[in-house]
Each structure stands twice: as structure tokens, then as C-alpha cells.
Amino acid sequence: MSFAKKIMKIDLPQIAGVAAFFCILPFFLPRTLSIQVLFYGLLALAFDIMYGYGHLLSFGHALLFGAGAYGAAISFNFLTGNPIASISVGIAFAVVIAALIGPIALRKRDPYFSLVLMAFNVFFYQLFVAPLAPWTGSDMGLTITKIESFGILNFSNKTFLYYTMILLSIVLMILTKLFMKSRFGALLVATSESERKVESLGYSSFRVKYYSLLFSAFLSGISGALFATFLGYSGIDFVSPTFNIMIVFIALIGGSGTFLGPFIGSFIYLALSYSLTVVLGWHSSVYLDGIIGLVIIIVMLRFRGGLYRYLYKVVKDVYVSEPIR
Amino acid sequence: MELGYLLQQTMFGISIGLTFSMISIGFSITFGLSRIINLAHGAFYALGAYFIFSAMMVFNNYAFSLLIAVAGVGLISFFVERVIVRGLYGKDIDLSLITTFSILLVASTLIRVVWGLDPKSISPPAFLNVQISTGSFVFPAYYIFLAACSAAIFIIVWIIINKTMLGRIIKAGSEDKERVETLGINMGRVFTINYIFGSMLAALGGGLMAPLMSIEPSMGSRIVLLCFAVVVVGGMGSIFGTMLAGIIIGLSISYVTILSPPMAEATAFLVMAIFLLLRPKGLLGTG
């Protein structure tokens, strides 16, 4: 099948819808908030490749996101101001971490996989807070001081930068869709059903899961790196182990195993956290964790489908798309 | 660095390691019997520490406060099991991971709201608040008490698991739940008892550890990963493996504290990673 045909097979209206949504979002929200919705959505999508499709719950995507953000920020400050090079360093950092811990985490399935990733998340968090403090700025986070404009990535014009980021995200979304539609995506879904059957077809189930993890790390890393580049800042919150459960929340509330779910979830998460800040003032972060925890408990026990599947039931007469799992 | 300091760290490692393994036992048997990963274990550990802090303010008696803390956590875990955890039996494991993690999150938020953000501390009972010193070797008596307590509780748990009817049901239930039910045993009730028992062990661990460290809201999420590391190193379902693993993890923590205090707990996870690579079934695990 030619590449053009492959592109046509993926559900382009969905991607167009997401892109259109993010193009008009800055007219209602501040740009930093809109970009946060976008990149948290992409991060949750990366998480969802592992969880929604491969049924491997990951508690380590905060680490991959943070690695991307810190990799880019450290490279900006200490190596080069060139954005392409620095963002690549961020992505490479995330992918290398995933490549190193993947063989350990993927030895066994679920409780091991998620908790081993979480353990490594804590390990790197401690590493970033204390021994690497001169480079990471400890718990104050790292502000990017030196940044150069490069080609289309023009850092003096934030509006232009915002739309460039959206363009890049569309490319990423198409890549994700292609990945999920490829034989590899199908195999990943198959491993979640029965690894033995995948093995009997002649594929290595470990390799399928490992490469999926690497792709997921690439996606989280690039969203972290782009987010840090846009903000000009990388915070310790990005690698914090509790950020993981927020990613889970984003993916679950929107509907895990669907393409649009993570973006809906990310919008809800940020709406919740910012409206709480408005209502309760700056102490709201104390309550935010608890409220999110309560919502997750209710969603897990009663409404497992997520919001997207409920919305889809409403619009399914006019618009047909598949929630894949 | 002199020898005395090293010896002191060794003793420290062994005593906290034994406590870790005691806490992990509850985590391990809940997984073995009901097939849920109970991350809320950390919440009960933290609640145990906070309850003993509050009870000490009122009664100023360590043993009595410990009793109150354990009983209080037992009561709370009963309600948690009835309302939330009950819906997770027999479901996919990721469901229990996410839900119990959320319980942990809610609990630490409630702790922040009730007790505030600043760390608390309590002092051990007066007769244990002494230091044994010979030459350069200084050692708080409380560590010995901690190790002895943990070892005693360990033996009690071993007796309960291996010598009583309840223990036999738990062991048989871990193997095959349906067949135990056909014998006319209400497994739902056994699950509840098991859950409360595990939570009380966590609270006991929290109460015993409380005089040693600052009591803070995030302590629950830290201990639960250490529990997991202990269980992985020791092997699921092996009581003595868990004890051995606890000591290994405790020692690695206390030795790394000498070199770099912030990395101490993180090193435990490296030990776990090495074990997962070289011996995935754990020290004494059956597979």
C-alpha cells in the first residue's frame, strides 16, 4: 500500500477537529494554558498507547515527559541555543531512559510493569532534586536562559510559535495514528489479549511491547521538550511521581483507548485545576489531589468508558468513527 | 569514617529492614489472596503514624497510643474495603492499581487538611529513649526495641499463616478460590479480614517507625514503593524471603545514607531492578 493510501485510511477528520479546536482555543484562553491542554493531551495519548491499547498500565510517563522537558532545558542552557538540537536532545534523553528501563520493567506484566516504572520515576526524581541540582535547579525548576530563533521556530513571536507547535502536533498525531494502524499497533493490541498467541504467530511479544514503549517515550519526550521550549521553563512537577496519576486521570476521564479521549481529559483536568485555583486561591493544590483521587475512584468503579464514549453515543448518527478498543 | 559509625548504620539498617518487611507482609498477603495490589497500604501506614501522634498528645502513653492507632486504622480500612475495594475483587489488576493509588491520594489530602503540611514528630517512651554507647559505638535503644518488636510480630504472622485455620484458608484461597468456596467458606469475609489484618500491620509499622522520623503527608507514597521493592526482592508469597529482602533493602538504604542521604531510598529501587534482571522470581519465591 502506498504512503498516500495509508494516510487516507487514518481518521483525518478527527485530527482536523483537534487541530481546529486548538486553533480557536487561544481566543478564549491564555496561550500558555491552551498549549498546556495540547501537550498534556499528547502526553496522555502517549500513555494511552501503552494502557489503552497494550493494556500495560504505566506509572512512569511523568518521568519520560520530564526527561524530555529537562533534556531540552539543560541543553538550551549548557550546550546550545539551537532549538532543533536542544529539542532533539530532550527526545533522545526520554527515549534513552525508556530504552534502559524497558527491559527491566517489561519482564513481567501489570503490577510489576507499572510499579517498576514508578520506582524508576522516584529514583530519577530524587536524582533531579539532589545530586543533579546544579544542572536541574532542584525543586525551583530550570528557566531557559539562552534560546535562539531557528528557521520557522521564531521565539520572539509567541503567536506564530503557538501555531508552529500545533503544526508539529498534527504531524505527531498522524504519526501516532499510523503507528496504531500499522501491523505493530495490531500486534500491541494482540499482546494485551494473549502474549502466547502472539508468540505462536512468530513475533516476539517482548519486542512488540519494547518498541511500543520506545514510541510512547518518543511521543512523551517530544511533548515535554516542546512544552518546556514554549514555556521557557521546566518544572520539577513534570517528573514528580504524583504527576503520573494525573496522566492516568486525563486518559481515563476522556476515555482510554480512544484518540480524542486524552484531549478531552486534558481540557477537563486543566479546567478543574484552574477553576479550583480561582475558587480556593493558591492553597487549592492541597485539595486538587484529593478531588482528582475521588473522581478517579468513582470513574473506575462506575463509568469506565470515559467521556468520549458517552459523547460518541450521542453523535454516532451523524459522525461515524471507531473507538478502537 | 570509623568502624563504630559503620556498625551503627548496620544495626540501623537491620532494624528498619525488619520493620519494612513486617509492613510488606500485609501488602504481600493481600496480593496473594485477593489478587489486588493494595497501594492504599501506604495510606494506612501514614494514618497509623498520624493517629499515634494525635493519641500521644492526649494520653502521653506510647503503648496505649499505638493500640488506639492500630484499632483506628483497622476501623477505617474496614469501611474502605466495604465501599471501594470490594468492587475490585476478580477484576483486572490495573483497576486495583489505579483505584488504590487514588485512595492513597485522597488519604494524603485528608491528612494535609486535618494535620497540616508541616512535619510532626513524637519521642519514644522514656525507658527506650536512651543510648547504648561503648567507645565510638553509639546506638539508640529504640532500634533494638524496633527490631525485636518486628521480629516478634513476624513470628506471630508466621504462626497465624501456618498454624491456624484462618491461615490455612488464606493459603488455600491463594491457590484456588472457588474450591475453597465449595467447602462452605465465605471467601468475601475472609477477604475482608485479610484486608483489615494487612492494614493493621501497616498501621503498626507506621506507629513503630513514627518516633524515628518526621511524620509528613507524603510518607505513605514513599513506603508503598519500598514495600513493593521488598516483595519483589523477596519473592511473592514467601514470608522468610520477605524478611531477608527487608534486611537487604534496609541495609542498602542505611549504607547509602552514609554516602548521599537524598539518594538513600532511591537506591532500594536499583536493588530491586538488579533482582528483577537476575532473579525475577525473587530470593525465595516459587515463581
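Residues numbered from 1 in each chain as written. Chains lettered and ligands numbered in written order. Predicted model: local features only at pLDDT ≥ 70, side-chain atom pairs only at ≥ 80, totals over all residues.

1. Observations regarding the overall build of chain A
Point 1. Helix and strand counts for chain A stand at 15 helices and two strands.
Point 2. The C-alpha atoms of chain A give a radius of gyration of 19 Å, which matches the 20 Å a tight globule of 325 residues would have.
Point 3. Structurally, chain A occupies a C-alpha span of about 50 × 45 × 45 Å along its principal axes. (Helix = DSSP H or I, 4+ residues; strand = E, 2+ residues; numbered from the N terminus. Rg over C-alpha atoms; globule rule 2.2 N^0.38 Å.)

2. What to know about helix α6 (residues 110-129) of chain A
Point 1. The terminal C-alpha atoms of α6(A), which comprises 20 residues, lie 28 Å apart, in line with the 28 Å expected from a rise of 1.5 Å per residue.
Point 2. Counting buried positions along α6(A) yields 17 of 20 residues, so the element is predominantly enclosed. (Expected span 1.5 Å × (residues − 1). Buried ≥ 20, exposed ≤ 12 C-beta atoms within 10 Å, placed from the backbone.)

3. Side note on the confidence of the model for chain B
Residues and elements named next belong to chain B.
Point 1. Mean pLDDT over chain B works out to 85, with 98% of the residues at or above the 70 mark.
Point 2. Per-residue pLDDT, averaged within each element of chain B, yields its smallest value for strand β1 (residues 131-134) (74) and its largest for helix α3 (residues 62-83) (91).
Point 3. Note on the complex model: pTM 0.89, ipTM 0.86. (pLDDT = per-residue confidence, 0-100.)

4. What about the confidence of the model for chain A?
Point 1. Scored by pLDDT, chain A comes out at a mean of 84, with 93% of its residues at no less than 70.
Point 2. Within chain A, no element has a lower average pLDDT than helix α1 (residues 3-9) of chain A, which sits at 65, and none a higher one than helix α11 (residues 205-231) of chain A, at 91.

5. Notes on the packing of helix α1 (residues 3-34) of chain B against helix α6 (residues 165-175) of chain B
Residue and element names in this part refer to chain B.
Point 1. The N-to-C vectors of α1 and α6 enclose an angle of 55°; their axes lie 7 Å apart at closest approach. Comparing the axis directions of α1 and α6 gives the class oblique. The segment α1 lies against α6, with Ile29, Gly32 and Leu33 engaging Ile170, Gly173 and Ser174.
Point 2. Along the lines of polarity and charge, the residues of the contact of α1 with α6 split into three nonpolar, three polar and no charged. (Axes fitted to C-alpha atoms, helices over the stretch in contact; angles between N-to-C directions. Parallel < 35°, antiparallel > 145°, perpendicular 65-115°, else oblique. Contact = placed C-beta atoms within 7 Å. Nonpolar A, V, L, I, M, F, W, Y, C, P; charged D, E, K, R; others polar.)

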